[in-house]
Amino acid sequence: MKQRIAIIGAGISGLTLAQSLKEYADVVVFDKARGVGGRMSTRYADPFYFDHGTQFFTARSKSFQQFIAPLIATGLIAEWTGKVVTYQAENVLKDRLWFEPHYVAVPHMNSLSKHMAMGIDVRLNAEIAPLIEKRIDGWHLFKTDGTALGRFDWVISTAPPVQTLNLFGLVLPADSALHDCQLRGCYTLMIGFHTPWSKPWMAAKVHGRAIEWIAVNSSKPGRNKDVTSIVVHSSNDWAQQHIEDDAHTTQAYLINQFEDVTGIACENADYLSMQRWKYAISEQNEKPEFYLDEQQNIAAIGDWGSASRIESVWLNAKKLTNDIALLVK
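Below: a short report on this structure. Quick caveat, the model's predicted, so the values are computed rather than measured. (Residues numbered from 1 in each chain as written. Predicted model: local features only at pLDDT ≥ 70, side-chain atom pairs only at ≥ 80, totals over all residues. Heavy atoms only, no water.)

A word on the packing of helix H2 (residues 62–74) against helix H7 (residues 310–328)
Relative orientation and spacing of two packed helices are given, respectively, by the angle between their axes and the distance between those axes.
Okay, so step 1: Viewed as axis vectors pointing N to C, H2 and H7 meet at an angle of 100°, and their least axial separation amounts to 10 Å. Looking at the two axes, H2 sits roughly perpendicular to H7. Only Ile 310, Glu 311, Trp 314 and Leu 315 of H7 make contact with H2, whose side of the interface consists of Ser 63, Phe 64 and Phe 67.
Okay, so step 2: The class makeup of the residues in the contact of H2 with H7 is five nonpolar, one polar and one charged. (Axes fitted to C-alpha atoms, helices over the stretch in contact; angles between N-to-C directions. Helix = DSSP H or I, 4+ residues; strand = E, 2+ residues; numbered from the N terminus. Parallel < 35°, antiparallel > 145°, perpendicular 65-115°, else oblique. Contact = heavy atoms within 4.5 Å. Nonpolar A, V, L, I, M, F, W, Y, C, P; charged D, E, K, R; others polar.)

The structure is reproduced here in structure tokens:
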């Protein structure tokens, strides 16, 4: 009989693990959200669509290139091309070179996550209660509302460290790598106009401001070019200093920053909203890749264990898959 594995989180880490481990075990993926994707999510505000987490990804390793090659062939992944600029001090605009292909999923960033979730038992709107103790027959999972979810031989968390510590806290050794992980936040501003984009650039890096990145989401392949959908990311340093500030005040400040840099007035914008990401990027210089406890049959993985690049997260998930596969065969 195959062992049963519960994976917490339906982002790239969780879905990569699920697809890779389903050959060796019965796998169920749980996520507290309404859809899959994690930071590969897309905000739907028809006719505006915003990839408000991950903007793009690159492919530097042979194995990841092999993974995305058939998806490029089918059109699910495409290269995002166009002019990229840098806004320097005093809003001086300079061209910025991209020295490698930058890819996006089509028609939305979460399209890749939806593809990876095919054939997987994914259960949404399921927030998992903290583990208490491992019984003789394994781990028994419950939702936070008390609903029983069944017995599992392994539990793998792909949630941010704070949430994973809450999940595993009672059974984790005090010296686990998870206790040392700290992530900085980020704010995402989303702006929509019912008119096509008219400037010559599609993305901009911003220096010396609270905002750090501007992307014309509607310029990506497969997007609606009849409207303008803009994604603005704050810097992680600024966001962390203001992570608990009033949302209305923070949004107004970021809008002001965007207007001051680009000269684009938002008073007539047809859509405005903001997303706060409390756990966006790891502060650690040395990344642990993942956490694996072979005695208790628990593991943890996620952005905190890598450089937060989609490729790095995927590679780490494949490594963890190899280790767990040897234990469940």
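Describing the packing of aromatic side chains
Okay, so step 1: Considering all chains together, one arrives at 18 aromatic pairs under this definition.
Okay, so step 2: Geometrically, the ring pair formed by Tyr 44 and Tyr 49 is edge-to-face, given 5.3 Å between the ring centres and 90° between the ring planes.
Okay, so step 3: For Tyr 44, a relative accessible area of 40% puts it in the partly exposed group.
Okay, so step 4: Assessed through its relative accessible area of 22%, Tyr 49 is described here as partly exposed. (Phe/Tyr/Trp six-rings, centres within 6.5 Å; stacked < 30°, edge-to-face > 60°. Buried < 20%, exposed > 50% of the residue type's maximum accessible area, 1.4 Å probe, protein only.)

Examining the pattern of salt bridges
Okay, so step 1: Going through the model one piece at a time under the given rule, you end up with 14 salt bridges.
Okay, so step 2: Where Arg 151 meets Asp 153, a salt bridge forms, and the shortest distance between an N and an O atom there is 3.0 Å.
Okay, so step 3: The buried category is assigned to Asp 153, whose relative accessible area is 17%.
Okay, so step 4: Here Glu 311 and Arg 309 are joined by a salt bridge, their closest N and O atoms 2.7 Å apart.
Okay, so step 5: Classification of Glu 311 as buried rests on a relative accessible area of 2%.
Okay, so step 6: One salt-bridge network, held together by shared partners, links Asp 51, Lys 220 and Arg 223. (Salt bridge = Lys/Arg side-chain N within 4 Å of Asp/Glu carboxyl O.)

Some points on the environment of Leu 272
Okay, so step 1: The topology assignment puts Leu 272 in strand S17 (residues 271–282).
Okay, so step 2: C-alpha separation for the pair Leu 272 and Ser 229, spaced 43 residues apart in sequence, amounts to 10 Å.
Okay, so step 3: Contacts of Leu 272, omitting those with residues within four sequence positions, involve Met 190, Ile 191, Gln 251, Ile 255 and Cys 266.

Thoughts on the pairing of strand S15 (residues 211–216)
Okay, so step 1: In terms of residue burial, S15 counts as a mostly covered element, since five of its six residues are buried.
Okay, so step 2: The sheet contact formed by strand S14 (residues 203–206) and S15 spans three bridges and is antiparallel. Each residue of the ladder has a partner; that of Ala 203, found in S15, is Ala 215.
Okay, so step 3: Where S14 folds back onto S15 in an antiparallel hairpin, the turn is made up of four residues, including Gly 208, whose phi is positive at roughly 75°.
Okay, so step 4: In terms of strand pairing, S15 meets strand S16 (residues 228–234) through five bridges, oriented antiparallel. (Pairing = 2+ DSSP bridges.)

Brief notes about helix H1 (residues 12–21)
Turn by turn, an α-helix covers 3.6 residues, leaving residues three or four places apart pointing in a common direction.
Okay, so step 1: With nine of 10 residues buried, H1 lies mostly within the body of the structure.
Okay, so step 2: Here H1 has its buried residues at Ile 12, Ser 13, Gly 14, Leu 15, Thr 16, Leu 17, Ala 18, Ser 20 and Leu 21.

Remarks on the sheet that holds S15
Okay, so step 1: Spatial ordering of the open sheet is given by S7-S6-S14-S15-S16-S13-S17, a layout of seven strands whose pairing is mixed. Across the chains shown, the open sheet's two edge strands, defined by having one partner strand only, are strand S7 (93–96) and S17. On average, each strand axis in the sheet is inclined to that of its neighbour by 20°, with strand direction left out of account.
Okay, so step 2: Looking at chain direction, strand S13 (residues 183–193) and S16 are connected through six bridges and run antiparallel. Paired with Thr 188 across the bridge in S16 is His 233.
Okay, so step 3: Set on the sheet, helix H6 (residues 247–262) makes contact with strand S6 (84–87), S13, S14, S15, S16 and S17; between it and S17 the angle comes to about 100°.

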